[in-house]
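# Coordinate analysis (summary)
Here's the letter readout for the chains.
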Amino acid sequence: MIVETEGLTKRYGSNTVLSGLDLKVAEGSVLALLGPNGAGKTTTIRILSTLTRPDGGSARVCGFDVVREAAAVRGVISLTGQYAAVDEEQTGRENLVMIARLRRFARGSARARAVELLERFDLVDAADRRVRTYSGGMRRRLDLAMSLVARPRLLFLDEPTTGLDPVSRTTMWDAIGDLVRDGVTIFLTTQYLEEADRLADRIVVLHNGDVVADGTADALKNSVGGTRLDLSFGSAEDASRAQAVVGGAVDELMLSVPSDGSATHLHRVLDDLLAARVSVLRVSTHRPTLDDVFTSLTAVAA
Amino acid sequence: MTASLTMAGRSIRLSRRNLDLVIMAIMLPVLMMALFVYVFGGAIGHVESYVDYVVPGILVLCTGYGASSTSMAVADDMKKGVIDRFRSMPVSSFAVLTGHVTASVARNAVATSAVVLVALLMGFRPSVSIVSWVLALGLLLLYVLALSWLAAGFGVIARTVESASLLGFFMLFIPYLSSAFVPVDTMPAVLRVVSEHQPITPVIETVRALLTGQPATSGWLALAWSGGLLVAAFGWATWLFSRINRR
């Protein structure tokens, strides 16, 4: 386990941000911490990256205790925070060389590493411009590049695409995907279910400082119910006649029937209704999304 | 060591690119000197001799003010994500502060040179002894280091850059309650007691004595104040910085 926490707690005054968080992350995996604002996502990342001390419980990163062996933890992690941590008045290249020097690269190899990363993140043209002139997407890419100067084993990404336009978001996702293929373990927080769905092997939903769900995207979706068919009718009478034939639940002009999502099942339902001379206006298949998971979990927990 | 040098390079680059700061750091002392010499100088004494009197005071005022801008640079870092990046890296925790203090010394060196140059043009005729100059500049360096570390500490605890700039405001006014512009024995009794015993007075008196070829009678006192302040401020600032993670 590259990350292991036990009973992690953190309070700010009377406000409990984490109430006994237990979390294990396997090396080489991508974990997404999902939750509404104030759920404790950022606090968790801050504790694991040695920026904040927990009030109780313990946390180990690569086997090192985050409080007692903070220096060792810092040697194996990188953090890309919620706000691009770049110097506005330095150029992209200067920012990268600075980090490389702080990571004890010799002068020449620091410059070489900067060039490598500028190329990899498509920032060569902007390399010698001050970051102040960069777009939001360029800033995030530079931010990520700065986190990769020393090839971390574990990378923390706190809301990596918040505020980005769709194109920049896809570019960031591709870049994160490349890292996963290189074997970097990724621990990310996000408010976007689509992002968690796309990037993460495992999703942990946090609510009020506690884990309310933990599993793969599919497992979480299945937990709120399977696929269903939504059939619309011209009248409430048709809808209730259809219910008598195929079962399900009626809501005004709509009948929802549980389904396995297969074409065979759809065929059978429509054939049965045709035989009973009930005409169906429209059919749609509804698969649960992470939004459904999120809404049901946070609604129950609240 | 590399970390501190890299951070110093960063801070110097950042302050060089902050044009407002550069202009303020140089223009302000130069304008104040012109104001005192030409506007008040005639009323206070003879313009020619007043230049010699006031330049050391201006030097101490402008270095104090310049050093205090360290608090703004540090506070600016503290509220940005960049401090989290540095703190999550295996870099000695106070290299960030050392960088800002080094940049402060560099800024003050430029400002001091500008003030001395303009002062010479205005008729400042200092002592020509190299030893006196070295001693005077050495004391100024110690004073700048002490105030820069003090400012760095304020920068760590300040909630905003604006509140961090308050220190500069104080450093701009405290020298008025000293022998910087007028001899303290011209002041009412209460102010005189304050002015005679505040730490800036011996520093100004010593720099003035050294640059005008007088015996520097308050030299040890100035050294003790500046050295003591440096040790205390350095300890305070690094202690504050190491405690950020408890928040």
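- Chain B is annotated in an unreviewed UniProt entry as Transport permease protein of Lentzea miocenica.
- Its UniProt record, at the heading Sequence similarities (unreviewed entry), says of chain B: "Belongs to the ABC-2 integral membrane protein family."

- The name given to chain A in an unreviewed UniProt entry is ATP-binding cassette domain-containing protein, with the source organism recorded as Lentzea miocenica.
- Among the UniProt annotations of chain A, the heading Subcellular location (unreviewed entry) holds the following wording: "Cell membrane".
- On record in UniProt, under Sequence similarities (unreviewed entry), the comment for chain A is "Belongs to the ABC transporter superfamily. Drug exporter-1 (DrugE1) (TC 3.A.1.105) family."

### Some remarks on the overall build of chain A
- If you tally the helices and strands in chain A, you get eleven helices and 14 strands.
- Its C-alpha atoms give chain A a radius of gyration of 24 Å, more than 25% over the compact-globule value 19 Å for 302 residues.
- Taking all 302 residues of chain A together, 42% fall into the buried category.

### Thoughts on the overall build of chain B
- Per the secondary structure count, chain B includes twelve helices and zero strands.
- Taken from N to C terminus, the helices and strands of chain B fall in the order α-α-α-α-α-α-α-α-α-α-α-α.
- Compactness check: chain B gives a C-alpha radius of gyration of 18 Å against a globular reference of 18 Å for 247 residues, within 12% of the reference.
- With the C-alpha coordinates aligned to their principal axes, the bounding extent of chain B is approximately 60 × 35 × 35 Å.
- The buried share among the 247 residues of chain B stands at 47%.

### Considering the packing of helix 5 (residues 136–147) of chain A against helix 6 (residues 166–181) of chain A
All names here are of chain A.
- Two numbers describe how helix 5 lies on helix 6: the axes approach to 10 Å, and their chain directions differ by 15 degrees. If you check the angle between helix 5 and helix 6, you find them roughly parallel. Viewed along their axes, helix 5 and helix 6 form a crossing whose handedness is right-handed. Touching G136, G137, R140, R141 and L144 of helix 5 are S168, T171, M172 and A175, all from helix 6.

### Let's talk about the sheet that holds strand 2 (residues 15–25) of chain A
All names here are of chain A.
- Read from one edge to the other, the open sheet built from four strands follows the order 2-1-4-5, with strand pairing classed as antiparallel. Both edges of this open sheet fall to strand 2 and strand 5 (64–65), since each of them pairs with a single strand only.
- Here strand 1 (residues 3–12) runs beside strand 4 (residues 56–61); their pairing, made up of five bridges, is antiparallel. Within strand 4, the residue paired with E4 across the bridge is R60.

### So, the UniProt feature "transmembrane region" (unreviewed entry) in chain B
- Within this structure's numbering, the places UniProt gives as "transmembrane region" (unreviewed entry) are residues 21–41, 53–74, 94–124, 130–152, 164–184 and 220–241 of chain B.
- Across residues 94–124 of chain B one finds 87% helix and 0% strand; the C-alpha atoms that close the span lie 40 Å apart.

### Some points on the interface of chain B and chain A
- In this assembly, 20 residues from chain B lie in contact with 26 residues from chain A.
- At the level of elements, helix 1 (2–17) and helix 5 (82–87) of chain B are the ones that each hand at least two residues to the side of chain B that touches chain A.
- In terms of residue class, the side of chain B that touches chain A is made up of six nonpolar, six polar and eight charged.

### With respect to the environment of M27(B)
Residue and element names in this part refer to chain B.
- Checked against the element boundaries, M27 lands in helix 2 (residues 19–44).
- Under the C-beta neighbour-count criterion, M27 is labelled exposed, with 12 such atoms within 10 Å.
- Between the C-alpha atoms of M27 and V115, which are 88 residues apart in sequence, the distance is 9.0 Å.

### Quick look at the nonpolar core
- Counting 96 residues, the largest nonpolar core has L96(A) and V207(B) as the members making the most contacts within it.
- Here the element with the most residues in this core is helix 7 (residues 130–157) of chain B; it accounts for 14 residues.
- Setting aside anything within four residues of it in sequence, one finds V207(B) in contact with P56(B), L59(B), V60(B), A136(B), L139(B) and L140(B).
- Residues A70(A), V73(A), L193(A) and I203(A) belong to the second largest nonpolar core, which totals 48 residues.

### Describing the sheet that holds strand 13 (residues 254–258) of chain A
All names here are of chain A.
- Strand order in the open sheet formed by four strands is 12-13-11-14, with antiparallel pairing between adjacent strands. Each edge of the open sheet carries a strand with a single partner, namely strand 12 (249–251) and strand 14 (282–286). Taking each pair of neighbouring strands and ignoring which way they run, the sheet shows an average axis angle of 25 degrees.
- Against the sheet, helix 9 (residues 236–246) engages strand 11 (228–232), strand 12 and strand 13, with an angle of about 15 degrees to strand 13.

### Quick notes on the UniProt feature "domain: ABC transporter" (unreviewed entry) in chain A
- The UniProt entry lists residues 3–233 of chain A under the feature "domain: ABC transporter" (unreviewed entry), expressed in the numbering used here.
- Helix and strand shares over residues 3–233 of chain A are 35% and 29% respectively, and the end C-alpha atoms of the span are 52 Å apart.

### Quick look at the pairing of strand 9 (residues 202–207) of chain A
Residues and elements named next belong to chain A.
- Among the six residues that make up strand 9, five are buried, leaving the element largely enclosed by the rest of the structure.
- Bridge count between strand 3 (residues 30–34) and strand 9: four bridges; the pairing is parallel. Bridge assignment links L33 to a residue of strand 9, and that residue is V204.
- Inspection of the sheet shows strand 9 paired to strand 10 (residues 210–215) by five bridges, in the antiparallel sense. By the bridge assignment for strand 10, H207 is matched with D210.

### Points about the pairing of strand 14 of chain A
Residue and element names in this part refer to chain A.
- When you tally the buried positions in strand 14, you get zero out of five residues, a small fraction of the element.
- Note that strand 11 and strand 14 share five bridges and pair antiparallel. The residue of strand 14 that forms the bridge with D230 is S284.

### A closer look at helix 5 of chain A
- In this model helix 5 of chain A runs 17 Å from its N-terminal to its C-terminal C-alpha over twelve residues, within 8% of the 16 Å that 1.5 Å per residue would give.
- The element helix 5 of chain A is largely enclosed, with a buried count of ten among its twelve residues.
- Here the buried face of helix 5 of chain A lies against strand 6 (77–80), helix 3 (92–102), helix 4 (107–120), strand 7 (154–158) and helix 6 of chain A together with helix 5 of chain B.

### Thoughts on unusual backbone geometry
Residues and elements named next belong to chain A.
- Unlike most non-glycine residues, R104 shows phi in positive territory, near 70 degrees.
- Mapped onto the elements of the fold, R104 is located in the loop between helix 3 and helix 4.
- You can call R104 partly exposed: it has 14 C-beta atoms within 10 Å.
- One non-glycine residue, R277, adopts positive backbone phi at about 60 degrees.
- One can find R277 in the loop between helix 10 (263–275) and strand 14.

Analysis parameters
- Residues numbered from 1 in each chain as written.
- Chains lettered and ligands numbered in written order.
- Predicted model: local features only at pLDDT ≥ 70, side-chain atom pairs only at ≥ 80, totals over all residues.
- UniProt positions renumbered as here; feature names shortened; annotations may be inferred.
- Helix = DSSP H or I, 4+ residues; strand = E, 2+ residues; numbered from the N terminus.
- Rg over C-alpha atoms; globule rule 2.2 N^0.38 Å.
- Buried ≥ 20, exposed ≤ 12 C-beta atoms within 10 Å, placed from the backbone.
- Axes fitted to C-alpha atoms, helices over the stretch in contact; angles between N-to-C directions.
- Parallel < 35°, antiparallel > 145°, perpendicular 65-115°, else oblique.
- Left-handed = near helix turned anticlockwise from the far one by under 90°.
- Contact = placed C-beta atoms within 7 Å.
- Pairing = 2+ DSSP bridges.
- Nonpolar A, V, L, I, M, F, W, Y, C, P; charged D, E, K, R; others polar.
- Core = buried A, V, L, I, M, F, W, Y, C linked by C-beta atoms within 7 Å.
- Expected span 1.5 Å × (residues − 1).

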